[in-house]
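Structural characterization, general
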Amino acid sequence: MRQKLDHHYSAATRLAQALGYIDESSDGLVPPTYSSTTYLRDEDNQYRSGRVYSRADNPTYVPVERVLTSLEGGAESLLFSSGMAAATAVFQALQPGAHVIAPTVMYWALRAWLLGWAKSWGLQLSFVDTGNLDALKAAIRPTETQLIWLETPANPMWTVSDIEKICELAKAHEIYVAVDSTVATPLLTRPLELGADFVMHSATKYLNGHSDVIAGALVTGEINPLWERIRLVRKQGGAVLSPQDANQLLRGMRTMHLRVRESSRSALWLAEELQKSESVTEVLYPGLPSFPGHDVAKKQMHGGFSGMLSIRLKGGASAAIKVAAETRLWKRATSLGGVESLIEHRASIEGEGTPVPDDLLRLSVGIEDPRELLIDLLQAIDSAH
Ligand SMILES: *Cc1c(COP(=O)(O)O)cnc(C)c1O
């Protein structure tokens, strides 16, 4: 595989050309999909190609992982069958007994997994407001804490955590830091440059961007012992992505810079406009100067504050559910980061025990005409109040 574009080229150019990829066997500009599950042994019984069976790895991943590694400024990436498979690989690579700190408000399915499976695996968990450095400091148990898991901005309140400051603190205690950067994307924030050890993406979201692939990825800043174990978790556990999905993911990634720029710009404008509505009691968006984490967001997010925001409504849960019911352009669906805008009453999907207020609607801003999105939402808010 020939590749030309190094990190001196902008992310836009590297993405559009998938690092300048040219297929060696055909001179094609689009990489092939390798569907073979098994590979030929050498006559002397060796496997010099390094490939044996595609539960471990697949050559279709190579260009995708290289683009991600390049964008994040990392040493190596691994694709997984979903964002959850990527995230849980990090925790599964820890030894039973290890203490882990994670955010109180975070991606709900991962929190649920931690409370169930991670606990039974023997991990000790502390959930803290990672936007509060003092709370985080207090939660560290010297010698026991092995991982701080961050998500910034975090679902669905968009709490911002100061990656650089937290990594300084973690380094002093020899604690690994992993960042779920799904919402920020490698375009807006580069956690490895701020000191993080690992970055996780649900590639289902902005990386693919078209709501038609479930995929996940991890990127490491260096090949350290925990990363070696993470590789084994994928190889032996088999949470691998299908080669067809890997190829389709790369196709989606080629336009990520355009989609993220457009979504972020529209989300900021919508956040500002929605603040003017009397029926909206609060707009949660890191790009608003009134948002508590705005200063940190400004420091570690470049080129936008993402396409994700939430609104809280007068009239509680019933008004919020009614607003979602009254929208036409905004689709009532879970997930985020696609070209189409989505609206969701998070408390309903998270269920009992959720820390999310029941008057909250989560908005994933797509790339439609933002004025039409605003008109649609305002008419829904009006008819619900
Ligand atoms: C969707 C999501 C995940 C899980 O990813 P899947 O691809 O759905 O498994 C994890 N973290 C965040 C922030 C997400 O939005």
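Residues numbered from 1 in each chain as written. Predicted model: local features only at pLDDT ≥ 70, side-chain atom pairs only at ≥ 80, totals over all residues. Heavy atoms only, no water.

Note on placement: Ser181 falls in the loop between strand E5 (176-180) and helix H7 (185-188). Judged by its relative accessible area of 0%, Ser181 is buried. Contact partners of Ser181, with chain neighbours within four places excluded, come to Thr189, Pro191, Val199, Met200 and His201. (Helix = DSSP H or I, 4+ residues; strand = E, 2+ residues; numbered from the N terminus. Buried < 20%, exposed > 50% of the residue type's maximum accessible area, 1.4 Å probe, protein only. Contact = heavy atoms within 4.5 Å.)

Turning to the packing of helix H2 (residues 61-72) against helix H9 (residues 243-253), a few remarks are in order. In a packed pair of helices, the relevant descriptors are the angle between the two axes and the axis-to-axis distance. It is at 9 Å that the axes of H2 and H9 come closest, and there the two elements cross at 35°. Of the two possible hands of crossing, H2 and H9 adopt the one that is left-handed. In this structure, H2 uses Tyr61, Pro63, Val64, Val67 and Leu68 to contact H9, whose residues at the interface are Ala246, Leu249, Leu250 and Met253. Considering only residue class, the contact of H2 with H9 consists of nine nonpolar, no polar and no charged. (Axes fitted to C-alpha atoms, helices over the stretch in contact; angles between N-to-C directions. Left-handed = near helix turned anticlockwise from the far one by under 90°. Nonpolar A, V, L, I, M, F, W, Y, C, P; charged D, E, K, R; others polar.)

As a further point, take the pattern of salt bridges. Applying the stated criterion to the full structure yields 19 salt bridges. When salt bridges that share partners are traced, they join Arg51, Asp57, Glu65 and Arg234 into one network. (Salt bridge = Lys/Arg side-chain N within 4 Å of Asp/Glu carboxyl O.)

Turning our eyes to something else, we now look at the UniProt feature "modified residue: N6-(pyridoxal phosphate)lysine" (unreviewed entry) in the protein chain. Under the UniProt annotation, "modified residue: N6-(pyridoxal phosphate)lysine" (unreviewed entry) lies at Lys205. You can see Lys205 is positioned in the loop between strand E6 (198-202) and strand E7 (216-220). Residue classification places Lys205 among the buried residues on the basis of a relative accessible area of 9%. Aside from chain neighbours lying at most four places away, what touches Lys205 is Tyr107, Thr182, Ser335, Leu336 and Gly337. (UniProt positions renumbered as here; feature names shortened; annotations may be inferred.)

As a further point, take the packing of helix H3 (residues 83-92) against helix H4 (residues 108-121). Where H3 contacts H4, the axes come no closer than 11 Å and their chain directions differ by 35°. Of the two elements, H3 crosses H4, and the hand of that crossing is right-handed. Taken together, the residues of H4 that come into contact with H3 (itself represented by Met84, Ala87, Thr88, Phe91 and Gln92) are Ala109, Leu110, Trp113, Leu114 and Trp121. Looking at side-chain class alone, the contact of H3 with H4 contains eight nonpolar, two polar and no charged residues.

Judged by nonpolar contacts, the single largest core of 69 residues is most densely connected at Leu249, Leu274, Leu309 and Ile311. Split by domain, this core shows at least three residues from each of two domains, domain 1 (11-253) and domain 2 (256-384). In this structure Ile311 touches Leu274, Val280, Glu282, Val283, Asp359, Leu360, Leu361, Leu363 and Ile381, once residues within four positions along its chain are discounted. Phe91, Ala93, Val100 and Ala178 belong to the second-largest nonpolar core, a separate cluster that totals 30 residues. (Core = buried A, V, L, I, M, F, W, Y, C linked by side-chain atoms within 4.5 Å. Domains from an automatic or database assignment.)

Attention shifts here to the pairing of strand E4 (residues 145-151). The element E4 is extensively covered by neighbouring structure, given that six of its seven residues are classed as buried. Pairing of strand E2 (residues 99-103) with E4 involves three bridges; the strand directions are parallel. In the sheet register, Val100 faces E4, and the bridge partner there is Leu147. Of the strand pairs in this sheet, E4 and E5 are connected by five bridges, and their pairing is parallel. Following the sheet pairing, Trp149 is matched in E5 by Ala178. In this fold, E4 hands off to helix H6 (residues 163-172), which returns the chain to E5; that crossover is right-handed. (Pairing = 2+ DSSP bridges. Right-handed = clockwise from strand over helix to strand, strands pointing away.)

As a further point, take H3. By the criterion of burial, H3 is predominantly enclosed, with eight of the ten residues buried. Buried residues of H3: Gly83, Ala85, Ala86, Ala87, Thr88, Ala89, Val90 and Phe91, and no others. One side-chain oxygen at the N-terminal end of H3 lies 3.4 Å from the backbone nitrogen of Met84; it belongs to Ser82. (Polar contact = N/O pair within 3.5 Å; in protein donor to acceptor, adjacent residues only side chain to side chain.)

On to the sheet that holds E7, then. With mixed pairing, seven strands are arranged side by side in an open sheet as E1-E7-E6-E5-E4-E2-E3. With one partner strand each, in any of the chains shown, strand E1 (76-80) and strand E3 (124-128) form the two edges of the open sheet. Neighbouring strand axes in the sheet, compared pairwise and without regard to direction, differ in orientation by 20° on average. Here E1 pairs with E7 via five bridges, running antiparallel. Looking across to E7, one finds that Phe80 is bridged to Gly216.

Here we take up helix H8 (residues 225-237). Counted at 1.5 Å a residue, the expected span for H8 with its 13 residues is 18 Å, and the 18 Å between its end C-alpha atoms agrees. Listing the buried residues of H8 in full gives Leu226, Trp227, Ile230, Val233 and Arg234. In an axial view of H8, the angular spread of the buried residues amounts to 105°, which keeps them on one side of the axis. Those residues of H8 that are exposed and aimed more than 90 degrees away from the buried face are Pro225 and Gln236. The inward-facing, buried residues of H8 contact H2, E1, H3, E5, E6 and E7. Taken from the residues just after H8, Gly238 is the one with a positive phi, measuring 80°. (Expected span 1.5 Å × (residues − 1). Arc of directions from axis to C-beta.)

For the rest of this paragraph, the subject is the site of the ligand. Near the ligand you find 14 residues, and of these Met84, Asp180, Ser202, Thr204 and Lys205 are the closest. Measuring from an oxygen atom of the ligand, one finds a backbone N or O atom of Met84 at 2.8 Å. In the environment of the ligand, an oxygen atom lies 2.8 Å from a nitrogen or oxygen atom belonging to the side chain of Lys205. Within the complex, 93% of the 380 Å² of free accessible area of the ligand lies under protein. Only H3 and E6 provide two or more residues apiece to the shell around the ligand. Taken together, the residues of the shell around the ligand sort by class into five nonpolar, six polar and three charged. (Near = heavy atom within 4 Å. Areas by Shrake-Rupley, 256 points an atom, 1.4 Å probe, with all protein chains shown as cover.)

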